[in-house]
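Architecture and fold: a report
So the chains spell out like this:
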Amino acid sequence: MDERKSQKDKKKQFYIILASVLLLIAIAILVVILVMQTNTKKDTELSYTDLIKQIEEGNVEKVEMTAGSTTAKIKLKDIEEEKTTLIPSTQAFIELIQEKSLEGNHIDFTQKPQNVFVKISGTLFSLLPTILLVILFILLIKLQGLGDKGKVYDAETTKSKIKFDDVAGLEEEKQEMIEIVDFLKEPKKFYEMGAKIPRGVLLCGQPGTGKTLIAKAIAGEANVPFISMSGSEFIEMFAGLGASRVRKLFEKAKKISPCIVFIDEIDAIGSRRTSGSGAETENNQTLNQLLVEMDGFDTEETIIVLAATNRPEMLDKALLRPGRFDRQITIALPDLRGREEILKIHAKDKKFAPNIDMKDIAGDTAGFTGAELANILNEAAIIATIKEHEEITKNDIEDAVKKVTVGLEKQSRVISEKDKRLTAFHEAGHAIVSSTLQTQKDIKEVSIIPRGVAGGYTMYKTNEDKYYISKTEMQEKLIALLGGRAAEKVVLNDISTGASNDIEVATQIAKNMVIKYGMSDTLGPVFIDTEKDPYELQLLGEKFGDAIGAEVKIMLDNAYAQAQNILRNNMDKLNKVASVLMEKEVISAEEFQELIK
Ligand code: ADP
Ligand code: ZN
């Protein structure tokens, strides 16, 4: 997606440069032609009436013409220099000369055959500016994204080679899709039975969970073309363009049906319609066109529209009506087994050390998407290559996991002793506080080596898949998150910007506890989605909003106070862990347990 965008940008740049060059050439040629014309219009020119007069008076010695040309070269009797005259009617002129010659007034008349090459190049040269301007115009149209057959080219059509076997896990989802595959293969069978197959299927799920992959697999299994386009590509500045693109997309689909049409990020066009102006109206037109197209399928057309979104709740309800996207499939994050299977698929073409079990990696990567898992194995292969290992080792994989989660190790960054001390106490703070909390104590690694934007990190083991998180766990998570800031306060009696991400995450959790999970005692079980509807809070009243703010603040303040308490009671451990961190930079789980025994 991003790649396609940057390619488009490059194309745009190329067109702009080409257009400017062409414009310059066109201007240059025009200038040359003008200069040449003014140059020739000097006193060498003889007007036609003057020429007739000179002929009548017998002053003309020689006339030379070229076939197909209207200019004649004239040699007068007493003037050395030849003159040129524009002849309005060559036929009449030739007759006149013959007449004069018959009268005894001899004029030497020659008519040269036409020089084809000169003629063609001459006309070409004078036409060149026009041609260039036409090309320029076409380029401009292209630049605006107009014409170009509504950019159907953007809708990539491919024969997908991906099969269901390439999609790991997602067994139920695949099962649901099998009927669509059968329908695409043998639509007649279904029609004859009077069965109705869903025309639109909405795939909901986070980016990277495999929505595009499964859509391609359906096309691959049914052996039909796969046309894809992203919702954001329909959004254009020009009114009506989005709508026309939708129309062209479906025109194309109808031509090559049976086929799969895949619309990624459908929320970009399918968000709830509003009565706004500008971009929104344009958006509405595009959405309306999509609805028209989906309603307008003939029974013979075998087109299945699959659309992907991460925010189904944002979609216009009209899209979800029967005959449109009336089937929704939610693609969740892969569970332990799913992750193992995804890893196995992406491990196929890579060399691993024999002691590596995909199950272990799956255990360490709870919450990862399929795309992230694929990315980890690829990164591991890159790391192993750079380190010149024979095969991918456990360490390579661990490095890859860290690279994908916390960011790249910044070995080049020079850290002052003061910063190092601050980071050491901050991370030791997280670790010590966590070790006292029942739900947070599974620490995997503590490090003060900078990675990505983080100055250091405390990593937790995640080998359990949980569908529910309890209130206690969330409260303890807040305390652990604020443990870093608390250590700075307790030990250094000053606080730093290093805790900003911790605080951001903690605030988000506290907010969700109050307005999403109904975990606040004062407000009770209540759900407020400010993202979906910014006016919902206004509806509930100012007092309600104030109460939410107060609850979030109490939760965070309590967690912060508790973290400081824990540290004050464990100062010896805190100092010990921090000093070992300053010395060794990384502490493993076992070393940490040893230190705090
Ligand atoms: P989405 O469309 O949901 O954003 P994609 O389908 O583009 O996600 O997934 C990106 C990549 O992640 C895929 O090309 C594939 O390599 C990997 N991937 C995601 N889910 C799976 C899965 N279930 N099985 C195998 N690979 C997967
Ligand atoms: Zn921190």
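Description of the structure in this document. (Residues numbered from 1 in each chain as written. Chains lettered and ligands numbered in written order. Predicted model: local features only at pLDDT ≥ 70, side-chain atom pairs only at ≥ 80, totals over all residues. Heavy atoms only, no water.)

**What about the overall build of the chain?**
Counting its regular elements, the chain contains 23 helices and 13 strands. Across the 597 residues that make up the chain, the buried fraction comes to 41%. Within the chain, contacts between residues separated by at least 24 positions form 74% of all contacts whose residues are at least 6 apart in sequence. (Helix = DSSP H or I, 4+ residues; strand = E, 2+ residues; numbered from the N terminus. Buried < 20%, exposed > 50% of the residue type's maximum accessible area, 1.4 Å probe, protein only. Contact = heavy atoms within 4.5 Å.)

**Thoughts on the coordination of the zinc ion (ligand 2)**
Coordination of the zinc ion (ligand 2) by the protein comes from His426 (NE2), His430 (NE2) and Asp502 (OD), over a distance range of 2.0 to 2.1 Å. Within one chain, the residues serving as donors to the zinc ion (ligand 2) are arranged as H-x3-H-x71-D. A residue pair is termed a helical-turn pair when its members lie 3 or 4 positions apart in one helix, as His426 and His430 do in helix α17 (residues 417-435) at 4 residues. (Donors = N, O, S within 2.8 Å, 3.2 Å for Na, K, Ca; no water.)

**Focus on the site of ligand 1**
Near ligand 1 lie 16 residues; those nearest to it are Gly208, Lys211, Thr212, Leu213 and His346. Take Gly208: an N or O atom from its main chain is 2.7 Å from an oxygen atom of ligand 1. Contacts to ligand 1 include Ala371, whose backbone N or O atom sits 3.3 Å from an oxygen atom. A total of 560 Å² of accessible area belongs to ligand 1 in isolation, and the protein chains cover 79% of it. Listed by contribution, the elements that provide at least two residues to the shell around ligand 1 are α8 (211-222), α13 (336-347) and α15 (370-386). Here the element with the most residues in the shell around ligand 1 is α8; it accounts for 3 residues. (Near = heavy atom within 4 Å. Polar contact = N/O pair within 3.5 Å; in protein donor to acceptor, adjacent residues only side chain to side chain. Areas by Shrake-Rupley, 256 points an atom, 1.4 Å probe, with all protein chains shown as cover.)

**Examining helix α10 (residues 241-256)**
In an α-helix there are 3.6 residues to a turn, and that puts residues three or four apart on one side. End to end, α10 covers 23 Å across 16 residues, agreeing with the expected 22 Å (1.5 Å per residue, within 8%). All of the buried residues in α10 are Leu241, Gly242, Ala243, Ser244, Arg245, Val246, Leu249, Phe250 and Ala253. (Expected span 1.5 Å × (residues − 1).)

**As for the side chain of Arg324**
For Arg324, the position within the fold is in the loop between β9 (303-309) and β10 (327-330). In this structure Arg324 touches Arg199, Gly200, Leu291, Met294, Asp295, Ala318 and Leu319, once residues within four positions along its chain are discounted.

**Some thoughts on the sheet that holds strand β11 (residues 443-447)**
An order of β12-β11-β13 is seen for the 3 strands of this open sheet, with the pairing classed as antiparallel. Strands at the two margins of the open sheet, each flanked by one partner only, are β12 (457-460) and β13 (586-588). Pairs of neighbouring strands in the sheet enclose a mean axial angle of 15°, with direction left out of account. Sitting on the sheet, helix α22 (residues 571-584) touches β11 and β13, and the angle it makes with β13 is about 120°. (Pairing = 2+ DSSP bridges. Axes fitted to C-alpha atoms, helices over the stretch in contact; angles between N-to-C directions.)

**Things to note about the packing of α17 against helix α21 (residues 542-568)**
Between α17 and α21, the shortest axis-to-axis distance is 9 Å and the interhelical angle comes to 90°. With respect to their mutual orientation, α17 and α21 come out roughly perpendicular. The residues of α21 that touch α17, namely those facing Gly429, Ile432 and Val433, are Ala563, Ile566 and Leu567. Tallied by class, the residues present in the contact of α17 with α21 amount to 5 nonpolar, 1 polar and no charged. (Parallel < 35°, antiparallel > 145°, perpendicular 65-115°, else oblique. Nonpolar A, V, L, I, M, F, W, Y, C, P; charged D, E, K, R; others polar.)

**Comments concerning the pattern of salt bridges**
In this structure the tally under the stated criterion is 18 salt bridges. Linking Lys174 and Glu171 is a salt bridge whose minimum nitrogen-to-oxygen distance equals 3.6 Å. With Lys174 and Glu171 both in helix α6 (residues 171-185), this residue pair falls 3 residues apart, about one helical turn. For Glu293, the salt bridge is made with Lys254, and the minimal N-O distance between the two is 3.7 Å. Within this pair, whereas Glu293 is found in helix α12 (residues 279-295), its partner Lys254 is found in helix α10, the two being separated by 39 residues in sequence. Classification of Glu293 by relative accessible area gives buried; the value is 7%. Sharing partners across several salt bridges, the network here consists of Glu176, Glu179 and Arg327. (Salt bridge = Lys/Arg side-chain N within 4 Å of Asp/Glu carboxyl O.)

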